[in-house]
Amino acid sequence: MLLRLPSAPDTLIDQQKLAAAGELTVYVRDQPWKIDSVKDELRVWLRPPKPPSLYDCFFSYSHHGAFDSPFIQRVHDATTVWSHVAFLDQFSLKRGEDLAFACMLAIANSRLLVPLISWSSLRRLSVLTADSECSYYLLELTLIVLLHELNERPVLPIFVGASNADGSPDASVDLFTCRPPKASAGDGLSNELDVVTNKPLPDGRIVFDRMPTVAVRTVTEQIGRFFERQGKQVPPELSKLTVDAVVRKLRDLQGVVTWKSNSSHSQSRKDDFGLEIRVAEEVHSAIILTPRELPELEFAKPAYPGEQEKVLEQLARRVEEIGLDVKEVKSDVKEVKSDVKEVLMLSEAHFKMLSTLLKGAEKLAPKFICFLPVLNKEQGKLQDWLRQPSWFSQRVRIFFIDPISLTLAKTNEGNGFEVAFPKEWVATALPFLKIGLTVLKVAAVLDWTRLKK
């Protein structure tokens, strides 16, 4: 791809060669430029020196056919106008990389997954068997559906229709109702032709009814190893994701349809970005509504070649640290339980002690009580005190009587206890005393029950 240098619009630079260039000097309009200066001007088109830890969206598409790749590239370019960090393999990967593992890492670390669904991509899938070679497109779709099922990872499919006559991409046609010709047997890269007329053989089925109900072994094995390399258990849902199941699940998701976005009702042209911009706007809106944080399903972070094992080691260390933290928490919980058990045992002993002290307390309480007036020193006569109209509202002294000798007991060193009585107190003094002791016992029982709970 050729890039136009902003400071020299008449200068075009090869994107791939620029990305691979090391320390050198280039000449633009006969002026020497450091290669880093050129890269700074075209930074948005180049792969960053280090992959981001999180992508805003991941674009998945089939490399078969002449439509899908340039279309999704333009949608990608339009999406990045809003400064979204988007993954597209032709910009984010280098030739010779472990494509499958790198793409799966990017999918696992993307907030929004955006697969392009067209007949040219589905046509290839329609002829796959259980023993077919690994289809990277099906690999991506299967992992996308799996993550959506495991933790509801947001998915926004882009659906593009096809011509009923020859199966060519047509953005104005409804993919859900179109009936393109039958796919060629074997590779599914073109139409099956009539041996007599050499014309495409018609197929009365809609495209979503043509997918095989088999799981491609190489695909499930790749995804299984992806989980295992990161110390995770292979999800049992993976074995149920046949080609038909994957495509139907994506079909049932709410996505972007080009036949409603394409107001001109014409096929997308290379010089017409109107459709791509409208699709990118819907992707942008979906990204805005997507949570900033990924659900709890931690994977290793994206990495370039030579660093993939390093990120796996980092993930293993994080998992080990989490395991140590959990073990430490369990130990702390065990200590707390032991301390609580000791507290309960001690409280139970105190409760038994209090119960023993209170047992029969009503029998120990004195039954005979004598009330004597507190003499007014200024009056000095008992008769004067007796004539007071509010005797029960004044202070009196309480003395206990020995029930055996019926004499005053030595109460408070002979001074008695001085208290103030309400008028009704004398008649109800003994019942109140008994009730007070009973309340004390009930309070002790309730306090012990609450402590045990």
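Report on the accompanying structure. Nothing here was measured: the structure is a model prediction, and the numbers come from that model.

**Looking at the overall build of the chain**
A tally of regular secondary structure across the chain gives 15 helices and 12 strands. In the chain, which comprises 453 residues, the proportion classed as buried is 39%. Within the chain, contacts between residues at least 6 apart in sequence are counted, and of these 69% link residues at least 24 apart. Accessible surface, the chain as shown: approximately 26,400 Å² in total, 56% of it carbon and sulfur.

**Observations concerning the nonpolar core**
In terms of nonpolar packing, the biggest core is built from 51 residues, with Leu122, Leu125, Leu143, Leu175, Ile223, Phe226 and Leu250 touching the most fellow members. Elements represented by at least two residues in this core include exactly strand S5 (55-60), helix H5 (99-108), strand S7 (110-117), helix H6 (119-125), helix H7 (136-151), helix H8 (217-229) and helix H9 (243-251). In terms of residues, this core owes the most to one element, H7, which gives nine residues. Ignoring any residue separated from it by four or fewer positions in sequence, one finds Phe226 in contact with Phe101, Met104, Leu105, Ala108, Leu143 and Phe299. In terms of nonpolar packing, the next biggest core, distinct from the first, is built from 24 residues, Phe59, Val75, Ala86 and Ala280 among them.

**Quick look at the side chain of Glu140**
Relative to the helices and strands, Glu140 resides in helix H7. One buried charge, Glu140, has no salt-bridge partner; the nearest side chain with opposite charge is Arg153, at 13 Å. Only 2.5 Å separates the side chain of Glu140 from the side chain of Ser60, close enough to count as a polar contact. Not counting chain neighbours up to four residues away, the residues in contact with Glu140 comprise Phe58, Ser60, Tyr61, Cys103 and Ile107.

**Description of unusual backbone geometry**
For Glu152, which is not glycine, the phi dihedral falls at a positive 55°. Counting through the fold element by element, Glu152 comes out in the loop between H7 and strand S8 (158-159). Classification of Glu152 by relative accessible area gives exposed; the value is 66%. With a phi close to 60°, Asn198 is a non-glycine residue in the positive phi region. With respect to the secondary-structure elements, Asn198 resides in the loop between S8 and H8. On the basis of relative accessible area, Asn198 is assigned to the exposed category, the value being 54%.

**A word on the environment of Thr220**
Structurally, Thr220 is set in helix H8. Between the C-alpha atoms of Thr220 and Thr142, which are 78 residues apart in sequence, the distance is 8.4 Å. Each residue touching Thr220, except ones within four places of it in the same chain, is listed here: Ala215 and Leu238.

**Points about the packing of helix H3 (residues 68-79) against helix H11 (residues 274-289)**
Each pair of packed helices can be summarised by the angle the axes make with each other and by the distance between the axes. Put simply, H3 and H11 touch, their axes get as near as 8 Å, and they point 55° apart. Judged by the inter-axis angle, H3 sits oblique to H11. In terms of crossing hand, the pair formed by H3 and H11 is right-handed. In contact with Phe71, Arg74, Val75, Ala78 and Thr79 of H3, H11 contributes Leu275, Glu276, Ile277, Val279, Ala280, Val283 and Ile287. Residues belonging to the contact of H3 with H11 are distributed by class as follows: nine nonpolar, one polar and two charged.

What counts, and at which threshold
Residues numbered from 1 in each chain as written. Predicted model: local features only at pLDDT ≥ 70, side-chain atom pairs only at ≥ 80, totals over all residues. Heavy atoms only, no water. Helix = DSSP H or I, 4+ residues; strand = E, 2+ residues; numbered from the N terminus. Buried < 20%, exposed > 50% of the residue type's maximum accessible area, 1.4 Å probe, protein only. Contact = heavy atoms within 4.5 Å. Areas by Shrake-Rupley, 256 points an atom, 1.4 Å probe, with all protein chains shown as cover. Core = buried A, V, L, I, M, F, W, Y, C linked by side-chain atoms within 4.5 Å. Lys, Arg positive; Asp, Glu negative; His and termini not counted. Salt bridge = Lys/Arg side-chain N within 4 Å of Asp/Glu carboxyl O. Polar contact = N/O pair within 3.5 Å; in protein donor to acceptor, adjacent residues only side chain to side chain. Axes fitted to C-alpha atoms, helices over the stretch in contact; angles between N-to-C directions. Parallel < 35°, antiparallel > 145°, perpendicular 65-115°, else oblique. Left-handed = near helix turned anticlockwise from the far one by under 90°. Nonpolar A, V, L, I, M, F, W, Y, C, P; charged D, E, K, R; others polar.

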